[in-house]
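Listed below, chain by chain, are the residues.
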Amino acid sequence: EGLVDLARRRGWDEIGKRLFFKVEAVEQLSFGDGVFDAVVGNLADEWLLAPRALQELRRVLAPGGRLFLTTPLRGTFAEVLDMFREIAVRDADAELAQRIAAHAAEAPTRDALAATVAEAGFEEVSVREDPFRLSYRNAAELFADRLVHLVGLPDWRALLEGDAQRLEEAQRALDTYHAGGPLSLTV
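Residues numbered from 1 in each chain as written. Predicted model: local features only at pLDDT ≥ 70, side-chain atom pairs only at ≥ 80, totals over all residues. Heavy atoms only, no water.

S.K.: Just checking my understanding: could you explain the pattern of salt bridges for this structure?
M.R.: Should the charged atoms of two oppositely charged side chains come close, the side chains can pair. In this structure the tally under the stated criterion is 14 salt bridges. A salt bridge links Arg-166 to Asp-93, with the nearest nitrogen and oxygen atoms 2.8 Å apart. Within this pair, whereas Arg-166 is found in helix α8 (residues 164-177), its partner Asp-93 is found in the loop between α3 (78-90) and α4 (94-106), the two being separated by 73 residues in sequence. When its relative accessible area of 12% is taken as the criterion, Arg-166 is described as buried. Owing to a relative accessible area of 18%, Asp-93 belongs among the buried residues under this scheme. With a closest N to O distance of 2.8 Å, Arg-137 and Glu-141 form a salt bridge. Judged by its relative accessible area of 24%, Glu-141 falls in the partly exposed class. (Salt bridge = Lys/Arg side-chain N within 4 Å of Asp/Glu carboxyl O. Helix = DSSP H or I, 4+ residues; strand = E, 2+ residues; numbered from the N terminus. Buried < 20%, exposed > 50% of the residue type's maximum accessible area, 1.4 Å probe, protein only.)

This is how it looks when you write it as structure tokens:
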């Protein structure tokens, strides 16, 4: 919802022309078969990459239609996960270490993503990896970033089982590691 609201605000002048927004379950879209020339998904998560969701996206695409997705691949936000790993080691918390390892392995690799999309019936699947870095003046700015609030923080809170103190420790650790100065996240 947050990302859709942001898109609405940015596209306000175009709404009603060729741009509209609708939020619904991707596994059962209300659109007819083959009605779109293109489907675009930004920051696709595990639900959008699930086989049933991908099959539904294929269903609403016209013959020759194209699917364009962006999604974090394995290694995204590695710097924050490293801070969580340090906390797990410091506290001898094997359960946290296991949750971090499982979370890191959940993100698809380039090849796994291509295979998932192809298995859903898409042809001519191509996955392009464009790594980049999000730069921040300090850890406080990183943790205040709207994108991080929408994409990173929910997962990080889940990893830490809602332990706000450990999340604050990770922020302090990032600041300590970067001497309170600039830092960046791998995406």
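Don't stop here, the text continues.
S.K.: Would you explain unusual backbone geometry in this entry?
M.R.: What you tend to see is this: most non-glycine residues have negative phi, and most peptide bonds are trans. A positive phi angle is found at Ala-92, which is not glycine, with a value near 50°. Positionally, Ala-92 belongs in the loop between α3 and α4. Given the relative accessible area of 69%, Ala-92 is considered exposed. Positive phi values are uncommon outside glycine, yet Ala-179 reaches one of about 55°. Mapped onto the elements, Ala-179 comes out in the loop between α8 and β4 (183-186).

S.K.: Just checking my understanding: could you explain the nonpolar core for this structure?
M.R.: Ranked by internal contacts, the top residues of the largest apolar core, which has 26 residues, are Phe-84, Leu-142, Phe-143, Val-148, Trp-156, Leu-167 and Leu-185. Every element with two or more residues in this core is listed here: α3, α4, β3 (133-136), α6 (139-144), α7 (146-159), α8 and β4. It is α3 that provides the largest number of residues to this core, a total of 6 residues. Look past the residues within four positions of Leu-142 in its chain and what remains in contact with it is Tyr-136, Val-148, Trp-156, Leu-183 and Leu-185. The next biggest cluster of nonpolar side chains, apart from the first, holds 18 residues, and it includes Val-39, Leu-57, Val-117 and Val-127. (Core = buried A, V, L, I, M, F, W, Y, C linked by side-chain atoms within 4.5 Å. Contact = heavy atoms within 4.5 Å.)

S.K.: Explain the environment of Arg-157 to me, please; I cannot follow it from the model alone.
M.R.: Along the chain, Arg-157 turns up in helix α7. Arg-157 sits in the partly exposed class, given a relative accessible area of 41%. Along the chain, Arg-157 and Leu-167 lie 10 residues apart, while their C-alpha atoms are 7.3 Å from each other. Setting aside its immediate chain neighbours within four residues, Arg-157 contacts Gly-162 and Leu-167.

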